[in-house]
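Report on the structure
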Amino acid sequence: MFDLLVKGGTLPDGTISDIGIKGGRISAVGRLDAAAVKVIDATGDLVSPPFVDPHFHMDAVLSYGLPRINASGTLLAGIGLWGELRETATVDEMVDRALRYCDWAVSMGLLAIRTHVDTTPDHLRGVEAMLEVKRRVAPYLDLQLVAFPQDGLYRTPTGRQNVVRALDMGVDVVGGIPHFERTMEEGAESLRDLARMAAERGLMWDVHCDETDDPMSRHVETMAREVTRHGLGGRAAGSHLTSMHSMDNYYVSKLLPLIAESGMTAIPNPLINITLQGRHDSYPKRRGLTRVKEMQAMGITVGWGQDCVLDPWYSLGTADMLDVAFMGLHVAQMTHPAEMARCFTMVTECNAAIMGLQNYGLNVGDQASLVVLDASNPIEALRLRPDRLAVVSKGRVVAERHRNDCRLDLASRPQSVRRRL
Ligand code: FE2
């Protein structure tokens, strides 16, 4: 007797299988005839492990327009606005906005999120708020917090001290922002300092690294060096890496093997990179997305991150990782069927690997978290960004939705139209 039985779904690899769930775990996969307390009929639908977002800013989410909109649309203007907002936002306001966003995330099958938390202000209200959110959503959503010195580790008097305080308060991951330090040398020193901090505490390390159009911003080479020195491997992730878009090709041919050698992972954020980068260009205007296919060809794990939803940096966003992958697919020109399928994997398995999630997947023994999509395969899911018909988190159905069906009434051809093939 299962607690829950998901019948007849199509898994991302194309196999059709039932999934039996008991005690919060997947207890059987295959053709299953046993009874269940609840049955979800997923016949013809895609059943996937949940979506995962490895790069987000939940302390700023749903704050669009506060204290005013970002008129220029640039990264630096966004940082300035956030600098004002973080001084006035209360813990309760940040918790309320974040919980509202978590509801959206769950409804879209997004069940694990790594969020950077700004540790710049001495009051650390953002840290306090996000620790509270993490505690409250833990039964159904895995939240990982990064101590993120938004204004630089050394650029403010208490930048480093506040990262340490945040880690001591229970923040999970060490952050960084070397391109925002005062000089290239101080950026490099911040990386050496933060890598040591992560290694000594046995924590993961995720750096906003080279989020700039400057082809000479080359902190990723220093980061890779430090990852190798401390043996951090896949516990370290370079977020954005947008300068690599503009770097000299010969230099990149040296850089990519160093990144691969280190074992670190990469997190481009296509919705935000295509929006914020290239703002100082006339034409041709650079895309700013890092070299995704080239990194993957070197064996580097690359995921897609979302970064922002309705905040000082981005005026849109839906908590749908399929939107993120859809944009990434276009900007990186990943249009071969194998590349499109890989884009789906990037917002599921690759992102789970980057976050170090345990027991993630649809195999017996894995945590029973999954999403049923109104699509027949991963590529169709990317094309349609379809309804999430059911979302299961840790063995419990946490969201259900009726299938969307549009009825056309044309002069000669009354019919029902479905976008699925
Ligand atoms: Fe970010």
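Check the entry above for the structure.
Residues numbered from 1 in each chain as written. Predicted model: local features only at pLDDT ≥ 70, side-chain atom pairs only at ≥ 80, totals over all residues. Heavy atoms only, no water.

1. Some points on the packing of aromatic side chains
Selection rule: In this analysis, rings of Phe, Tyr and Trp, with Trp reduced to its six-membered ring, are considered paired at centre separations within 6.5 Å, and the interplanar angle assigns stacked below 30 degrees, edge-to-face beyond 60, and tilted for intermediate values. Only DSSP runs of H or I covering at least 4 residues are called helices, and only runs of E covering at least 2 are called strands; the numbering of each starts at the N terminus. Only protein chains enter the accessibility calculation, which uses a 1.4 Å probe; a residue is then buried when its area is under 20% of its type maximum, exposed when over 50%, and partly exposed in between. Each ring is checked for a lysine NZ or an arginine CZ that lies within 6 Å of its centre and within 35 degrees of its normal; such an atom marks a charge sitting over the ring.
Under the criterion given, the structure shown has four aromatic pairs. Relative to Trp-313, the ring of Trp-82 has its centre 6.5 Å away and its plane inclined at 50°; by these criteria the two rings are tilted. Of this pair, Trp-82 sits in helix H1 (residues 75–88) while Trp-313 sits in the loop between helix H10 (292–297) and helix H11 (321–331), placing them 231 residues apart in sequence. Judged by relative accessible area, which is 9%, Trp-313 ranks as buried. Consider the rings of Tyr-101 and Trp-104, whose centres lie 6.4 Å apart with planes at 50°: the pair is tilted. Placement of both Tyr-101 and Trp-104 in helix H2 (residues 91–107) is noted, with a separation of three residues, approximately one turn of the helix. Residue class for Tyr-101 comes out buried when judged on its relative accessible area of 0%. Over the ring of Tyr-251 we find Arg-218, and its NZ or CZ is 3.8 Å from the ring centre. The ring centre of Tyr-283 lies 5.2 Å from the NZ or CZ of Lys-285, which sits over that ring.

2. Things to note about the pairing of strand E6 (residues 51–56)
As a reminder of what qualifies: DSSP-based pairing: two strands are paired if at least 2 bridges between them are found.
Counting buried positions along E6 gives six out of six residues, so the element sits mostly inside the fold. Sheet topology places E6 next to strand E7 (residues 110–118); four bridges connect them, and they run parallel. Among the inter-strand pairings, Phe-51 is bridged to a residue of E7, identified as Leu-110.

3. As for the sheet that holds strand E8 (residues 142–148)
Quick note on the threshold: Should any heavy atoms of two residues lie within 4.5 Å, those residues are counted as being in contact. Helix axes use the C-alpha atoms of the stretch in contact, all axes being lines fitted to C-alpha atoms, and the angles between their N-to-C directions lie in the range 0 to 180 degrees.
Ordered in space as E6-E7-E8-E9-E10-E11-E12, the seven strands form an open sheet in which the pairing is parallel. The sheet is open, and its two edges are formed by E6 and strand E12 (265–267), each paired on a single side. Each of strand E10 (204–209) and strand E11 (236–240) is contacted by helix H6 (residues 219–230), which is oriented at about 170° to E10, the strand it contacts most.

4. Considerations on helix H5 (residues 184–201)
Here is the rule we go by: By this rule, a helix spans an expected 1.5 Å times one less than how many residues it contains.
The end-to-end C-alpha separation of H5 is 26 Å, in line with the 26 Å expected for 18 residues at 1.5 Å each. Among the residues of H5, those classed as buried are Gly-187, Ala-188, Ser-190, Leu-191, Asp-193, Leu-194, Ala-195, Met-197 and Ala-198. Those residues of H5 hidden inside the fold are in contact with helix H4 (159–169), strand E9 (173–174), E10 and H6. Residue Gly-202 follows H5 closely and has a positive phi angle near 65°.

5. Overview of the coordination of the iron ion
Rule in force here: Sodium, potassium and calcium take a 3.2 Å donor cutoff, other metals 2.8 Å, and in both cases only N, O and S atoms count; water is not among them, so sites may look incomplete.
Listed as protein donors to the iron ion are His-55 (NE2), His-57 (NE2), His-208 (NE2) and Asp-307 (OD); their distances from the metal cover 2.1 to 2.5 Å. Within one chain, the residues donating to the iron ion are spaced in sequence as H-x1-H-x150-H-x98-D. Residue His-55 is found in strand E6, and its partner Asp-307 is found in the loop between H10 and H11; the two are separated by 252 residues along the sequence. Owing to a relative accessible area of 3%, Asp-307 belongs among the buried residues under this scheme.

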